[in-house]
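Residues per chain, in single letters:
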Amino acid sequence: MGVVLCILDGFTDPEFDPADYPALSGLRRLRDVDTTLGEKPESLNCILHLLGVRSVPALLRGYAEALGEGIPVGENDLILRGSWFSRDESGHCVAPLAAPAEIPSGLPCRYVSLGGYKSLLIFPDLGASAKELTTYPPYALAGKLAEDLCPRGCPELETVFQTLCLPQCCCIPWGQSRPIALPPFPEKGCVISGTSVVRGIGKLLGMDVWTVPGATGDTDTDLSAKCLAALDAAGKYPFVLLHINGADEASHRKDAREKHAFLAKVDIEIIRPLAAKLPYFVVTGDHAADPRTGNHAGTPQPVFINRFT
């Protein structure tokens with residue numbers, strides 16, 4: 001049986017206590033690790049660091065999302081994530097909001113809704129401008145005035161931002177990138193995730209990506225199906241990355257109760273059965289996510305393990 005690394009996205013926060021989760025607290029806390037390595041507390045960087053990639057390309061996020069969704073892009077395209085936020089009466093970003101299926105026609109980009117608050121913006125043949133751009137990742141933007149988040153360095157992108165900056169909602173573009181390659185993971189691996197960027201990480205590293213029906217990348221994900229898939233994959237691969245994203249999404253919604261309830265469900269439906277059935281099972285987080293603010297934090301993440309070798 002292979003090793004299963006379970007990464008809980010947005011795992012910890014100032015109120016986190018392993019004792020709240022019986023199966024987790026039954027594992028051995030090996031150590032706490034700095035998943036950021038001096039970079040921003042963002043899933044792409046942190047997960048790649050956990051997988052042994054020490055130098056993460058700066059212009060990768062949008063491309064990884066496109067890969068994870070199977071969306072074709074040109075080698076010279078500029079690709080960005082677009083995160084949708086609601087706005088209050090004074091124009092400040094409040095919380096993630098469902099992305100529209102379409103945007104107004106005539107804009108200089110291709111738009112793809114990824115479900116939930118997530119979308120992609122693809123600008124043909126503008127990849128060279130990626131390194132000149134200034135954008136604002138949304139995991140620290142709750143409470144910011146939307147107009148202050150206008151990207152700089154590409155007139156076409158600025159036009160799209162201004163068009164999509166509406167009184168009730170806005171689209172914050174970030175994660176500018178162009179197609180790039182990474183060295184392959186050193187052993188045969190499998191990724192199980194309902195989140196596009198993590199599936200993209202798997203593809204970038206040459207891993208197989210399994211599709212699990214009901215895996216949504218939010219708190220409504222089918223944890224039992226993901227658990228069964230992880231057990232199946234562990235019998236076929238030496239390494240399995242099982243990624244679970246709901247705690248991060250609940251934190252962005254500023255719902256501490258939802259986050260705690262979801263982690264309690266993970267404890268029962270993922271951690272307890274996998275720790276009992278797998279010879280080598282590891283649990284950690286990619287980064288912290290504080291439901292009081294809705295933002296990420298770079299707090300070192302605890303690593304729990306069910307045995308030593």
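Everything discussed here concerns the structure shown above.
Let me begin by describing the structure that accompanies this report. In this text, all values refer to a predicted model and were calculated from it rather than measured experimentally.

Section: the packing of aromatic side chains
Alright, step 1. In the structure shown here, the tally under the stated rule is 4 aromatic pairs.
Alright, step 2. Aromatic side chains Phe16 and Tyr21 sit 6.2 Å apart centroid to centroid with 20° between the ring planes, which places their arrangement in the stacked category.
Alright, step 3. Ring geometry for Phe185 versus Phe239: centroids 4.9 Å apart, planes at 35°, classification tilted. In this pair, Phe185 is assigned in the loop between β7 (169–177) and β8 (189–192) and Phe239 in strand β10 (residues 239–244), connecting sequence segments 54 residues apart.
Alright, step 4. Classification of Phe185 as buried rests on a relative accessible area of 14%.
Alright, step 5. Here the aromatic cluster, defined as three or more aromatic residues joined through ring pairs, consists of Phe11, Phe16 and Tyr21.

Let's talk about helix α5 (residues 196–204)
Side chains three or four residues apart in an α-helix point the same way, a direct result of the helix having 3.6 residues per turn.
Alright, step 1. Taken across its 9 residues, α5 has 8 buried, putting it largely inside the fold.
Alright, step 2. Looking at the packing, one finds that the buried side of α5 touches α2 (43–50), α3 (61–69), β5 (110–115), β8, β9 (208–210) and β10.
Alright, step 3. In the segment just after α5, Gly206 is the residue with positive phi, at about 75°.

So, the sheet that holds strand β2 (residues 28–33)
Alright, step 1. Within the open sheet, the 7 strands sit side by side as β2-β14-β11-β1-β10-β8-β9. Their pairing is mixed. Single-partner strands in this sheet number two, and they are β2 and β9. On average, each strand axis in the sheet is inclined to that of its neighbour by 20°, with strand direction left out of account.
Alright, step 2. Bridge count for strand β11 (residues 281–285) against strand β14 (residues 301–305) is 2 bridges, and the pairing is antiparallel. In the sheet register, Val282 faces β14, and the bridge partner there is Ile305.
Alright, step 3. Along the sheet, helix α6 (residues 223–234) makes contact with β1 (3–8), β8, β9 and β10, crossing β10 at roughly 170°.
Alright, step 4. With respect to the sheet, helix α8 (residues 256–277) is in contact with β1, β10 and β11, its orientation differing from that of β10 by roughly 165°.

Comments concerning the nonpolar core
Alright, step 1. Ranked by internal contacts, the top residues of the largest apolar core, which has 37 residues, are Ile192 and Ile270.
Alright, step 2. Secondary-structure elements contributing two or more residues to this core are β1, α1 (22–25), β8, α6, β10, α8 and β11.
Alright, step 3. With 8 residues, the top contributor of residues to this core is α6.
Alright, step 4. Setting aside chain neighbours within four positions, we find Ile192 in contact with Trp210, Val212, Lys226, Ala229, Ala230, Ala233, Val240, Leu241, Leu242 and His243.
Alright, step 5. Within the second largest apolar cluster, 32 residues are counted, among which are Leu5, Val33, Ile122 and Leu241.

A word on the packing of α3 against α5
Alright, step 1. It is at 7 Å that the axes of α3 and α5 come closest, and there the two elements cross at 90°. Compared by their axis directions, α3 and α5 come out roughly perpendicular. Here Arg61, Tyr63, Ala64, Glu65, Leu67, Gly68 and Glu69 of α3 come into contact with α5, specifically with Ser196, Val197, Arg199, Gly200, Lys203 and Leu204.
Alright, step 2. Partitioning the contact of α3 with α5 into residue classes produces 5 nonpolar, 3 polar and 5 charged.

Parameters and conventions
- Residues numbered from 1 in each chain as written.
- Predicted model: local features only at pLDDT ≥ 70, side-chain atom pairs only at ≥ 80, totals over all residues.
- Heavy atoms only, no water.
- Phe/Tyr/Trp six-rings, centres within 6.5 Å; stacked < 30°, edge-to-face > 60°.
- Helix = DSSP H or I, 4+ residues; strand = E, 2+ residues; numbered from the N terminus.
- Buried < 20%, exposed > 50% of the residue type's maximum accessible area, 1.4 Å probe, protein only.
- Contact = heavy atoms within 4.5 Å.
- Pairing = 2+ DSSP bridges.
- Axes fitted to C-alpha atoms, helices over the stretch in contact; angles between N-to-C directions.
- Core = buried A, V, L, I, M, F, W, Y, C linked by side-chain atoms within 4.5 Å.
- Parallel < 35°, antiparallel > 145°, perpendicular 65-115°, else oblique.
- Nonpolar A, V, L, I, M, F, W, Y, C, P; charged D, E, K, R; others polar.

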